[in-house]
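Overview (structure and organization)
Listed here are the chains, written in short residue letters.
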Amino acid sequence: MEDLSLLRDDRVLLLGATGFIGRRLLPELKNKNIRLRLLVRDPSKVADLVSAHKDIEVTEGDLVSGKGLDEALRGIHSSYYLVHSMGGQSIFRNTKYAEKDKISAGNFISAAEAAGLKRVIYLGALGESGKDLSEHLKSRAEVGGILFSGKPAATVLRAAIIIGAGGASFEMLRYLVERLPVMVCPKWIDTRIQPIALPDVLAYLVGCLLNPATAGQTFDIGGDEILTYREMMQQYAEARGLAKRLIFRVPILTPLLSAYWVDLVTPIPSGVAHPLIEGLKSEVICRDKRIDEFVGVKKTPFREAVRLAFSEEKEGPGKTGF
Ligand SMILES: NC(=O)c1ccc[n+]([C@@H]2O[C@H](COP(=O)([O-])OP(=O)(O)OC[C@H]3O[C@@H](n4cnc5c(N)ncnc54)[C@H](OP(=O)(O)O)[C@@H]3O)[C@@H](O)[C@H]2O)c1
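Before going into details, it helps to say that this report is about the structure given with it. No experiment lies behind these values; they were computed from the predicted model shown.

1. Points about a positive patch on the surface
Taken together, the side chains of Arg41, Lys45, Lys96 and Lys100 make up a positively charged region of the molecular surface. If you trace the backbone, lysine 45 turns up in the loop between strand S2 (35–40) and helix H2 (47–52).

2. Here we look at unusual backbone geometry
The phi dihedral of asparagine 33 falls on the positive side, at around 60 degrees, and the residue is not glycine. Positionally, asparagine 33 belongs in the loop between helix H1 (20–31) and S2. At aspartate 55, a residue that is not glycine, the phi angle is positive and equals roughly 55 degrees. Tracing the chain through its elements places aspartate 55 in the loop between H2 and strand S3 (56–60).

3. Some points on the site of the ligand
The immediate surroundings of the ligand are formed by 20 residues, with Thr18, Phe20, Lys45, Leu123 and Arg140 found nearest. Isoleucine 162 places a polar main-chain atom, nitrogen or oxygen, 3.2 Å from an oxygen atom of the ligand. If the ligand stood free it would expose 910 Å²; the protein chains cover 85% of that surface. For the shell around the ligand, the secondary-structure elements that each account for two or more residues are H1 and strand S5 (119–125). Of all the elements, S5 adds the most residues to the shell around the ligand, at three residues. Residues belonging to the shell around the ligand are distributed by class as follows: eleven nonpolar, five polar and four charged.

4. Some details on the sheet that holds S3
The pairing of strands in a sheet happens through backbone hydrogen bonds and is either parallel or antiparallel. Strands sit in the order S3-S2-S1-S4-S5-S6-S11 across an open sheet of seven strands; the sheet is parallel. Edge strands, defined here as strands with exactly one partner in the open sheet, are S3 and strand S11 (217–220). Averaged over neighbouring strand pairs, the angle between their axes works out to 20 degrees when direction is ignored. Where strand S1 (residues 11–15) and S2 come together, five bridges link them in parallel fashion. Note that in S2 the partner of leucine 13 across the bridge is arginine 37. Packed on one face of the sheet, H1 meets S1, S2, S3, strand S4 (76–81) and S5 and runs near 165 degrees to S2. This element, helix H4 (residues 96–115), spans S1, S4 and S5 of the sheet and lies at about 170 degrees to S4.

5. Section: helix H7 (residues 198–210)
The end-to-end C-alpha distance of H7 is 19 Å, a good match for the 18 Å that 13 residues give at a rise of 1.5 Å each. Taking burial as the measure, the 13 residues of H7 include ten buried ones, the bulk of the element. Inspection of H7 places Leu198, Asp200, Val201, Leu202, Tyr204, Leu205, Val206, Gly207, Cys208 and Leu209 among the buried residues, and these make up the whole buried set.

Parameters at a glance
Residues numbered from 1 in each chain as written. Predicted model: local features only at pLDDT ≥ 70, side-chain atom pairs only at ≥ 80, totals over all residues. Heavy atoms only, no water. Patch = residues over 30% accessible without salt bridge, like charges linked within 9 Å, V, L, I, M, F, W, Y side chains within 5 Å. Areas by Shrake-Rupley, 256 points an atom, 1.4 Å probe, with all protein chains shown as cover. Salt bridge = Lys/Arg side-chain N within 4 Å of Asp/Glu carboxyl O. Lys, Arg positive; Asp, Glu negative; His and termini not counted. Charge placed at Lys NZ, Arg CZ, Asp CG, Glu CD. Helix = DSSP H or I, 4+ residues; strand = E, 2+ residues; numbered from the N terminus. Near = heavy atom within 4 Å. Polar contact = N/O pair within 3.5 Å; in protein donor to acceptor, adjacent residues only side chain to side chain. Nonpolar A, V, L, I, M, F, W, Y, C, P; charged D, E, K, R; others polar. Pairing = 2+ DSSP bridges. Axes fitted to C-alpha atoms, helices over the stretch in contact; angles between N-to-C directions. Contact = heavy atoms within 4.5 Å. Expected span 1.5 Å × (residues − 1). Buried < 20%, exposed > 50% of the residue type's maximum accessible area, 1.4 Å probe, protein only.

What follows is the structure in structure tokens.
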């Protein structure tokens, strides 16, 4: 069997370096002296990261068109895949992102096979298969399937909401709880979910690269607590020293109405918020803990994760790019 260990001179490609996870993962990889190349649509967005660290190569490209992929993958050992196409402002239902994400993953795998890439590590989303799954969760699973179908050995990590400043789902939670002492919510408020702290996600992502035994596997990753959205909102308020939130569940609110409500109360672009809200009806909890046999991570409790997000982002809503 081929040895997939990463050697000192090997270079790793980071896709999504300008994003919430990618920007935080980059310094963690540099702390381990990992040589990096980035493929970005706009190099000016990573100028600060590149000047703060040694030995980072930057290539310009786009996964949907496939431009720049061959050059970016040349001589690369392993690649992180931290990309999605949700975004934009529209009151209409946006499903184009799913098509773009399918095309992107296909372009990536064709170029990766041609370049002889050994491994790809993808951070996707938790969620059971089934017809009730939201478009977004289906699309994340579809991308995982495409990456798995290629020659490079894929590692898929599946996570629910990631607690960290600037994450779209976390920012939605934060704006709602900070701004609304009283909330009227549909039945998703009692859906169960298993959040995970950003530092724990980063530790798993780095750990999977350094442990080749994780290649060719899918793992669920989550914190130790399974909470309903209601409990998450209350614990968020506690961690921030806010008064207990009054949350009423009503039967008449549809997910679409709550999406319009989120548009009013938070600055999260609707092209991101609406697909995420559609997914709130699905229970997203880890079905197995096999990852612990491969990568040891001490789990950060939810309230501590909220405090960490705020120590990174002291000035509260409005300072995270949304
Ligand atoms: N955030 C969470 O709570 C969460 C939870 C579970 C799983 N995940 C997964 O984690 C991964 C990363 O998510 P994130 O929250 O970091 O997302 P994000 O902040 O929105 O970042 C998305 C990244 O994708 C890049 N991108 C989009 N389209 C591209 C294209 N056509 N070509 C090249 N790059 C492109 C963006 O680059 P630009 O700067 O050019 O737009 C950006 O760097 C995703 O797979 C997501 O499903 C996230």
